[in-house]
Amino acid sequence: MALLGLARRQAGGKRRRILLSAIEHKSVLALGRILGQQYQYEVEVLPVDGEGRLDLNCLADAISDDVLAVSVMAVNNEIGTIQDIASVSRAARSCGAYFHCDAAQAPLSMDIANLQGAADFISLSGHKMYGPMGIGALYIRRELQDAVEPLIYGGGQQQGLRSGTLPLPLCVGMGEAAELLVKPEAEIEREAIRRRRDNFVQRLMGLGWPVEVNGPPGPDRHPGNANVRFTGFDALDILAAVQPRLAASTGSACTSGIPEPSHVLRAIGLSAGESEASIRFSIGRFTTDDDIESAIQILTEALARFSREDERQLA
């Protein structure tokens, strides 16, 4: 709604370029192709570094007064990278471009109170903040609401931006989840999740097999994200061996079933083989220390079995 609605409403203007980061969610990258093919916008994909941070120098070089919008996610959903949103905002506003921020992963990673001062459009998802599935929210800066063409017409609900009867239980559920995330206890919970994540990664790296972490270290990363590369192993084989006892994925859950390397991992410089050896683990507010111990044991058994099989084949 943010990008397509904006592009449709501004279709006759002079701003014909849209800038996206290379590790945006597939929903944004796919829309970029549509805006280029059907609406003749020039959509440019900006590179990131080896830890998934947007190259701000490339952004500065690309920005100009013919850019309509910049779309950069606050926190990556596959490798957990937290972007420098303040710098992206300054760059976009330096030439009058609109800034859309996909913040679906942000509520569990940071205090998002300052995002409204940085972005013109902010996308949020209920189930990413422990609210109900099937509902999201788009924040549009009040003075820009006339700049967006609705995608759904009808009864004029939500100031004409999205017609249709609101799903009241879902709205209440997402609102309550948001309330919980602004309480002081939320930061304590983030730290507990980060501690368990770090313990999980350290235990994996001490198992004796070559294990590396994809993405940034420490505070620049979603506290519950661990994207791990098991060099010499196939991620799909590992997942098949640990399921259903342990749930994980080779990339975004939104692209599960697609037989191709993660576009995020390729964008940070990993080869196809390295990408196919990588698994994304998620630690949440209900994950316990015992869960971490169980996960390590399950993975140890799987890796040991594959190692023995490889030894027999070499013999």
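None of these values were measured; they are calculated from a predicted model. (Residues numbered from 1 in each chain as written. Predicted model: local features only at pLDDT ≥ 70, side-chain atom pairs only at ≥ 80, totals over all residues. Heavy atoms only, no water.)

Asks: I'm lost on helix 7 (residues 185–205) in this one. Help?
Replies: What sets the pattern is the α-helix's 3.6 residues per turn: residues three or four places apart point alike. Taking 1.5 Å of rise per residue, 21 residues should cover 30 Å, and helix 7 covers 31 Å from first to last C-alpha, within 8% of that figure. Burial in helix 7 covers these residues: Ala186, Arg190, Ile193, Arg194, Arg196, Arg197, Phe200, Val201 and Leu204. Burial along helix 7 is one-sided: seen end-on, the buried residues are contained in an arc of 165°. Relative to its buried face, helix 7 has exposed residues pointing more than 90 degrees away, namely Glu185, Ile188 and Gln202. (Helix = DSSP H or I, 4+ residues; strand = E, 2+ residues; numbered from the N terminus. Expected span 1.5 Å × (residues − 1). Buried < 20%, exposed > 50% of the residue type's maximum accessible area, 1.4 Å probe, protein only. Arc of directions from axis to C-beta.)

Asks: Explain the sheet that holds strand 7 (residues 211–213) here, please?
Replies: Picture the strands of a sheet paired through backbone hydrogen bonds; they go either parallel or antiparallel. Taken in spatial order, the 3 strands line up as 7-8-9 in an open sheet, and their pairing is antiparallel. For this open sheet the edge positions go to strand 7 and strand 9 (278–282), each flanked by a neighbour on one side alone. Going across the sheet, the axis of each strand differs from the next one's by a mean of 30°, ignoring polarity. The sheet contact formed by strand 7 and strand 8 (residues 225–230) spans 3 bridges and is antiparallel. Each residue of the ladder has a partner; that of Val213, found in strand 8, is Val228. Sitting on the sheet, helix 7 is in contact with strand 7, strand 8 and strand 9, with an inclination near 10° to strand 8. (Pairing = 2+ DSSP bridges. Axes fitted to C-alpha atoms, helices over the stretch in contact; angles between N-to-C directions. Contact = heavy atoms within 4.5 Å.)

Asks: Is there a simple way to think about the sheet that holds strand 4 (residues 98–102) in this case?
Replies: One open sheet holds the 6 strands; their spatial order is 2-1-3-4-5-6, and the pairing between them is mixed. Across the chains shown, the open sheet's two edge strands, defined by having one partner strand only, are strand 2 (42–46) and strand 6 (136–140). On average, each strand axis in the sheet is tilted by 15° relative to the strand beside it, whichever way the strands run. The pairing of strand 1 (residues 17–21) with strand 2 spans 5 bridges and is classified as parallel. Paired with Ile18 across the bridge in strand 2 is Val43. The sheet contacts of helix 1 (residues 2–9) involve strand 3 (67–71), strand 4, strand 5 (121–125) and strand 6, and relative to strand 3 the element is tilted by about 180°.

Asks: Would you mind going over the pairing of strand 1 with me for this structure?
Replies: Two faces, one strand: in a regular strand the side chains alternate between the faces of the sheet. Counting buried residues along strand 1, 5 of its 5 residues qualify, which places the element largely inside the surrounding structure. Side chains Arg17, Leu19 and Ser21 of strand 1 all project onto a buried face; the interleaved residues Ile18 and Leu20 project onto the opposite face, where all are buried too. For the segment spanning strand 1, helix 2 (residues 26–39) and strand 2, crossover handedness is right-handed. Direction of pairing for strand 1 relative to strand 3: parallel, over a ladder of 4 bridges. Directly across from Leu19, in strand 3, lies its bridge partner Val70. (Right-handed = clockwise from strand over helix to strand, strands pointing away.)

Asks: Explanation requested: the pattern of salt bridges in the structure shown.
Replies: Any two side chains of opposite charge can pair if their charged atoms end up close together. Here the structure, examined in full by the defined rule, presents 18 salt bridges. Put simply, Arg197 and Asp198 hold a salt bridge, and the shortest N to O gap is 2.8 Å. Residues Arg229 and Glu212 are paired through a salt bridge, measuring 3.2 Å at the closest nitrogen-oxygen approach. Here Arg229 is found in strand 8, whereas its partner Glu212 is found in strand 7, with 17 residues between them in sequence. When its relative accessible area of 9% is taken as the criterion, Arg229 is described as buried. The structure contains a network of salt bridges with shared partners spanning Asp49, Glu51, Arg53 and Asp220. (Salt bridge = Lys/Arg side-chain N within 4 Å of Asp/Glu carboxyl O.)

Purely spatial values, then, with no claim about function.
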